[in-house]
Amino acid sequence: MLEVLEVPWTVVGKAPGAGSGRGCHGRPSAPRKQPLRSSLAQPKVAAEARPPKAGGKKCNSGASAPRRGEQARGKEVGAVEPVPAARGAGIVAAAEPPPPVSSSKGLELCRRPGFGTVGARCVVKANHFLAEVADKDLTQYDVKITPESRSRSVNRAIVAELVRLYRASDLGMRLPAYDGRSNLYTAGRLPFDAREFVLRLAVDDDGGSDATAREREYKVAIKFAARADLHHLRQFIARRQPDAPQEALQVLDVVLREVANQRYLAVRRSFYSPDIRKPQRLGDGLQSWFGFYQSIRPTQMGLSLNIDMSSTAFIEPLPVIDFVAQFLGKDVMSRRLSDANRIKACKIVEGQRYKKRLNEKQITSLLKVTCQSPREKEMDIRREFNSEPVIPIYSGRPDQAVQALKNVYKAALNKLKGKELELLLMGGRNTVLLDAVSRRIPLVVASQDWPEVTKYAGLVCAQPHRQELIQDLYKTWHDPQRGIVTGGMIRELLISFRKATGQKPLRIIFYRDGVSAGQFHQVLLYELDAIRKACASLEPNYQPPVTFVIVQKRHHTKLFADNHNDRSSIDKSGNILPGTVVDSKICHPTQFDFYLCSHAGIQGTSRPAHYHVLWDENNFMADEMQTLTNNLCYTYARCTRSVSVVPPVYYAHLAAFRARFYMDQDMLENRSVKNASGTNGSAMKTMPAVKEKVKRVMFYC
């Protein structure tokens, strides 16, 4: 999916209170209080062109060149800041591009240029909790189970039985954390380096104990692998190391998920149980289970545990005959069924997740039970993450440790009445974002030579399933008559831009969606190189500066008003005000990222978009990038109010959704040909070509 904004550094947007009308959901947009000055009283400012500096800062260089816009710091709220734009037709000379980096290991992501200062400060809360790691390392062991099982649940049941049998003896009272595959971690070393255990267990395919399951013998080999060093993680949090140690984060994630894996049903990174909240019927034999999501990540304040509530569909544990009646919507009891008595005696096993797509009725029912106001959502998260200990906290000097442990032991016996005490050593305070900044953009700022900023040309392509890199950004092929031919989506869009404006883009801002944090280096290395090659194919020395921004919407960070009763800090739905940006505390320790809630909530709890600047040859200041992104959210053609992500991302989604219909129809037409010929080719079908007259029209919007 391609999200590219090919403008000569154009900033266009409308102040939240500068206009009126109805939003995309048919509700009238509420007037906004202007920041100190009315936006209508501000004069329009013609932006001055600022060509890129030769030898400007590249984000993979070690030195940090001075950035533009230092004079903007501390300026009066409500003032208009000139933003660079193109100065007429012609080519601006640019420095030669640096040699391409051949490995992602040598690629350093863009560092934060500073923090935003424009706007009115406010205080918001986030569903992040500070986690403190003890100053000691963990020990990693390799685990091999024979006979091998591909089910994590079965593997966990086997290791749990091993711990129950041998914890007091061979394991030296250690409580290991197991990832369900081949890795096991302990706080401190086990009494052995390698040992094989033999045990017998009757377990079903889901890892549960089943009276009908046949008891089998399992051999579990545990072997010392390495010491899980957390030193580099501490160095990274202290900003003494540039890259986050992913292995150390994975170890901590496994440890923190251990207790939840034993109590709840794990689905990806979330945990579900019918005991968390009463399941709600969705219709057609399905019900919704509630659960929670958890993930640990490094932030500016240290290690942060992100907790969020979630819900998904499960098959309702009904008698089979009742489930069939609901699923078919008919009275099956009135019909003759073979083995009817047996069917009546059968019941669907609880805890089976429904993996297919829900119908419209079920989606509506799921939204009704999961839609919560920000106040309710925050209260649910607080209840799930209860920072109050089961027993009182006892402290003392080192020489009083024995007495403190005795007090803990006595309190545990009285409180738990013989039940096992599980200890989770972690700090647990809610994060208050004192440095959050609320943005209010006072008026429209546009480039001088490209007034049609709301028009986008869209191109689509087909590529294999689970292929995250956009393959057709730039491509070459050999033509028998013309020789080597260059093409690709970026090249076509550059040519389209030149035809529409009479000039090539002087700067490119590339908004990219659908990339996870683990793919940042790979995507940047491949797609930035494709952009440069596409530019060079138009003209050898044409290398406009590129800013590469990742847009993430599928995350679990939620922002809440500090005081839900303060009407001046929330909108009608109870969410934080549109234009609120957070670039501190819960953001990356060193890299250039921020959360932006650019839209007004309609119902439920708004989710801010997460923008991560991976590469910035345009040398944006924090205020400039945040203002540009927020302004663009007011230019969406389908809506008269701001939207939650920048329009290039929305338009790319719309184009991809429309293209699926073309692809599906093409596949349907060719399926009959395959069946008739008796072949079943697996070659990927190409997308039907878009007509030239349609390419520049937003046919997908």
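Please refer to the structure placed before this passage.
Residues numbered from 1 in each chain as written. Predicted model: local features only at pLDDT ≥ 70, side-chain atom pairs only at ≥ 80, totals over all residues. Heavy atoms only, no water.

Engineer: So what about the overall build of the protein? Which residues, and what values?
Structural biologist: When helices and strands are tallied, the protein shows 13 helices and 23 strands. When the 701 residues of the protein are sorted by exposure, 46% land in the buried category. By sequence separation, contacts in the protein at least 24 residues apart represent 74% of the contacts at least 6 residues apart. For the protein, the exposed surface amounts to about 37400 Å²; the carbon and sulfur share of it is 51%. (Helix = DSSP H or I, 4+ residues; strand = E, 2+ residues; numbered from the N terminus. Buried < 20%, exposed > 50% of the residue type's maximum accessible area, 1.4 Å probe, protein only. Contact = heavy atoms within 4.5 Å. Areas by Shrake-Rupley, 256 points an atom, 1.4 Å probe, with all protein chains shown as cover.)

Engineer: Break down the sheet that holds strand S7 (residues 194-201) for me, with residues and values.
Structural biologist: Backbone-to-backbone hydrogen bonds join strands into a sheet, with any given pair of strands oriented parallel or antiparallel. The antiparallel open sheet is built from five strands, whose spatial order is S5-S6-S4-S8-S7. The open sheet has two edge strands, strand S5 (177-178) and S7, and neither has a second partner. Where S5 lies against strand S6 (residues 183-186), two bridges are found, and the strand directions are antiparallel. For Tyr-178, the partnering residue across the bridge sits in S6 and is Leu-184. (Pairing = 2+ DSSP bridges.)

Engineer: Run through the pattern of salt bridges, naming residues and quoting values.
Structural biologist: Using the criterion set out here, one finds 17 salt bridges in the structure. In this structure, the salt-bridge partner of Arg-164 is Glu-161, at a minimum N-O distance of 2.7 Å. One end of the pair is Arg-164 and the other is Glu-161, both in helix H1 (residues 152-166) and three residues apart, which spans about a single turn. Of the residues examined, Arg-164 reaches a relative accessible area of 58% and is grouped as exposed. As a salt-bridge pair, Arg-269 and Asp-253 come within 2.7 Å of each other at their nearest N and O atoms. Taken together, the residues span a long stretch of sequence, with Arg-269 in the loop between strand S9 (265-267) and strand S10 (270-273) and Asp-253 in helix H3 (residues 246-263) at a distance of 16 residues. A relative accessible area of 12% means that Asp-253 is categorised as buried. Salt bridges here are not isolated pairs; linked through shared partners, they connect Lys-125, Glu-378 and Arg-382. (Salt bridge = Lys/Arg side-chain N within 4 Å of Asp/Glu carboxyl O.)

Engineer: Please provide a residue-by-residue account of the pairing of strand S17 (residues 483-487), values included.
Structural biologist: Relative to S17, strand S16 (residues 475-479) runs antiparallel, the two sharing five bridges. Pairing of His-478 across the sheet is with Ile-484, part of S17. Hairpin connection between S16 and S17: a loop of three residues separates the two successive antiparallel strands.

Engineer: Please give an account of the packing of aromatic side chains that cites residues and values.
Structural biologist: In this structure the tally under the stated criterion is 13 aromatic pairs. Measuring from ring centre to ring centre gives 5.5 Å for Tyr-264 and Phe-292, while their planes differ by 90 degrees; the resulting arrangement is edge-to-face. Taken together, the residues Tyr-264 in the loop between H3 and S9 and Phe-292 in strand S12 (residues 286-299) connect sequence positions 28 residues apart. Judged by its relative accessible area of 23%, Tyr-264 is partly exposed. In this structure an aromatic cluster arises from ring pairing among Tyr-456, Tyr-636, Tyr-650 and Tyr-651. Here the basic side chain of Arg-277 rests over the ring of Phe-290, its NZ or CZ set 4.1 Å away from the ring centre. (Phe/Tyr/Trp six-rings, centres within 6.5 Å; stacked < 30°, edge-to-face > 60°. Lys NZ or Arg CZ within 6 Å of the ring centre and 35° of its normal.)

Engineer: Pulling in residues and values, what's your account of H3?
Structural biologist: Here H3 contains 18 residues, and its C-alpha end-to-end distance of 26 Å stays within 8% of the 26 Å for a straight helix at 1.5 Å per residue. A bend of about 40 degrees at Arg-257 is the largest found in H3. Among the residues making up H3, those that are buried are Ala-248, Leu-249, Val-251, Leu-252, Asp-253, Val-254, Leu-256, Arg-257, Glu-258, Ala-260 and Asn-261. (Expected span 1.5 Å × (residues − 1). Bend = angle between axes of the 7 residues up to and from the residue.)

Engineer: Help me get a handle on the pairing of strand S18 (residues 508-513), residues and values and all.
Structural biologist: Within S18, six of the six residues are buried, leaving the element largely enclosed by the surrounding structure. Where S18 and strand S19 (residues 546-552) come together, six bridges link them in parallel fashion. What sits directly across from Tyr-511, in S19, is Val-549. Between the parallel elements S18 and S19, the chain passes through helix H10 (residues 520-538) in a crossover that is right-handed. (Right-handed = clockwise from strand over helix to strand, strands pointing away.)

Engineer: Could you give an account of the nonpolar core, with specific residues and numbers?
Structural biologist: Tyr-511, Tyr-611, Met-625 and Val-646 are the most contacted members of the largest nonpolar core, which totals 30 residues. Put simply, the parts of the chain that give this core at least two residues each are S18, S19, strand S22 (592-597), strand S23 (609-616), helix H11 (622-632) and helix H12 (647-677). Non-local contacts of Met-625, meaning those with residues more than four positions away in its chain, are made with Tyr-511, Thr-547, Val-549, Phe-592, Phe-594, Val-613 and Phe-620. One finds Met-489, Leu-493, Val-515 and Tyr-542 within the second-largest nonpolar core, a separate group that totals 29 residues. (Core = buried A, V, L, I, M, F, W, Y, C linked by side-chain atoms within 4.5 Å.)

Engineer: Describe the environment of Arg-660, and please don't skip the residues or the numbers.
Structural biologist: Residue position: Arg-660 is located in helix H12. On the basis of relative accessible area, Arg-660 is assigned to the partly exposed category, the value being 48%.

Engineer: An account of H11 is requested, with residue identities and associated values reported.
Structural biologist: Within H11, 10 of the 11 residues are buried, which leaves it mostly tucked inside the rest of the structure. The set of residues buried in H11 consists of Ala-622, Asp-623, Glu-624, Met-625, Gln-626, Leu-628, Thr-629, Asn-630, Asn-631 and Leu-632.

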